[in-house]
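# Summary of structural features
Each chain, written out:
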Amino acid sequence: MSAPAFVVESPAINARGVRVGTMRVYVATEARALEIAAEVADRTYRSIEIADMPEHARETLKRSQEATQ
Amino acid sequence: MAAFNKFNQFVENIAKGVHNLSTGAITVALTATANAPVATNTVLANLTEIAYTNLSARLCTTTSCVQTSGTLRLILADLVLTATGAVAAFQYVVLYDATPSSPLKPLIGWYDYGSALTLANGETFTIDFDNVNGVLTLA
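Residues numbered from 1 in each chain as written. Chains lettered and ligands numbered in written order. Predicted model: local features only at pLDDT ≥ 70, side-chain atom pairs only at ≥ 80, totals over all residues. Heavy atoms only, no water.

For residues that are not glycine, phi is negative in most cases, and the peptide bond is trans in most cases. Residue and element names in this part refer to chain B. Here the residue pair Ser 102 and Pro 103 is connected by a cis peptide bond, since its omega of 0° sits within 30 degrees of zero. As for its placement among the helices and strands, Pro 103 is situated in the loop between strand 6 (90–97) and strand 7 (107–117). With a phi angle near 55°, Ser 69 is a residue other than glycine that sits in the positive phi range. Relative to the elements of secondary structure, Ser 69 occurs in the loop between strand 3 (62–68) and strand 4 (71–76). (Helix = DSSP H or I, 4+ residues; strand = E, 2+ residues; numbered from the N terminus.)

Below, the structure is given as structure tokens:
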């Protein structure tokens, strides 16, 4: 099992109140996720296995972690 | 909540044949908190974009643009923006059509993320466009 990352989610709503999408920010640590989520009331965050992240997000996170090791 | 708003000129551009939303290069522009879009903006040149250093490509892929029972829905594939280094802070995510030349790069609409976001190296910002309601509907 791979180590977890975190995703912050924000619903995107149009002027008529219809949901038109979700914005997600994938980050490496819970502290960073909490920092982003705390800025707006209806943002939420959760842990996510790196293997379950979108491919581009997974690869980018892996590269940055390898670069800091 | 990230609120989606349309630019006023967009509806006129639709009526006058400026856009082909099925084939146009719908692209995302990012602006900072201090450079908020307003509904009266018409083209990309009206906006002050952030520098895109360390950020991946911003071109969207159109999945479908068809009507059902008289309501057209524009469906876009999820856009994944990855940071390979620090990216300038942004709050507004603007959709525009990069294909038309007159007017050049007309605006469609924008999302307000609600606060400034600065992506760090390794972080990813994705826009998961709704596959049922679409980015926008025309009825």
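Structure shown, so let's carry the discussion forward.
Residues and elements named next belong to chain A. Within strand 1 (residues 4–14), ten of the eleven residues are buried, leaving the element largely enclosed by the surrounding structure. Of the pairings in the sheet, the one linking strand 1 to strand 3 (residues 44–49) comprises six bridges and is antiparallel in character. Each bridged residue has a counterpart across the sheet, and for Val 8 the counterpart in strand 3 is Tyr 45. For strand 1 and strand 2 (residues 19–27), the ladder comprises eight bridges, and the chain directions are antiparallel. Its bridge partner being in strand 2, Ala 12 is matched across the sheet by Gly 21. (Buried < 20%, exposed > 50% of the residue type's maximum accessible area, 1.4 Å probe, protein only. Pairing = 2+ DSSP bridges.)

What follows concerns the sheet that holds strand 3 of chain B. All names here are of chain B. Read from one edge to the other, the open sheet built from three strands follows the order 3-4-9, with strand pairing classed as antiparallel. For this open sheet the edge positions go to strand 3 and strand 9 (136–138), each flanked by a neighbour on one side alone. The average angle at which neighbouring strand axes cross in this sheet is 15°, direction not considered. As judged from the three bridges shared by strand 4 and strand 9, these two strands associate in the antiparallel manner. Bridge pairing in strand 9 places Arg 73 opposite Thr 137. (Axes fitted to C-alpha atoms, helices over the stretch in contact; angles between N-to-C directions.)

When the parts of a complex come together, some accessible area is lost, and that lost area is often used as the size of the interface. Tallying the contact residues gives 28 residues for chain A and 31 residues for chain B. Counting the surface lost from both chain A and chain B, the interface buries some 2400 Å², and carbon and sulfur atoms represent 52% of this. At the boundary of chain A and chain B, one finds two salt bridges. The partner of Asp128(B) in a salt bridge is Arg24(A), and the shortest N-O contact between them spans 2.7 Å. One can count 13 residue pairs in polar contact (both at pLDDT 80 or more) joining chain A with chain B. Within the residue set of the side of chain A that touches chain B, elements represented by two or more residues are strand 1, strand 2, helix 1 (30–37) and helix 2 (55–68) of chain A. (Contact = heavy atoms within 4.5 Å. Buried area = accessible area lost by both parts, 1.4 Å probe. Salt bridge = Lys/Arg side-chain N within 4 Å of Asp/Glu carboxyl O. Polar contact = N/O pair within 3.5 Å; in protein donor to acceptor, adjacent residues only side chain to side chain.)

This part covers the layout of surface pockets. When its volume is computed, the largest pocket comes out at roughly 260 Å³. Lining the largest pocket are 13 residues, with Asn14(A), Phe4(B), Lys6(B), Leu136(B) and Thr137(B) positioned closest to its centre. Those elements that provide at least two residues to the lining of the largest pocket are strand 1 (2–6), helix 1 (8–15) and strand 9 of chain B. (1 Å grid on protein atoms, 1.4 Å probe; cavity = no way out; pocket = protein on both sides within 12 Å on 5 of 7 lines; lining within 4 Å. Points joined across faces, edges and corners; volume = space filled by probe spheres on them.)

So, on to the confidence of the model for chain A. Of all residues in chain A, 93% have pLDDT values of 70 or greater, and the mean over the chain is 87. Summarising per-element confidence for chain A, the mean pLDDT is lowest in helix 2 of chain A (78) and highest in helix 1 of chain A (96). (pLDDT = per-residue confidence, 0-100.)

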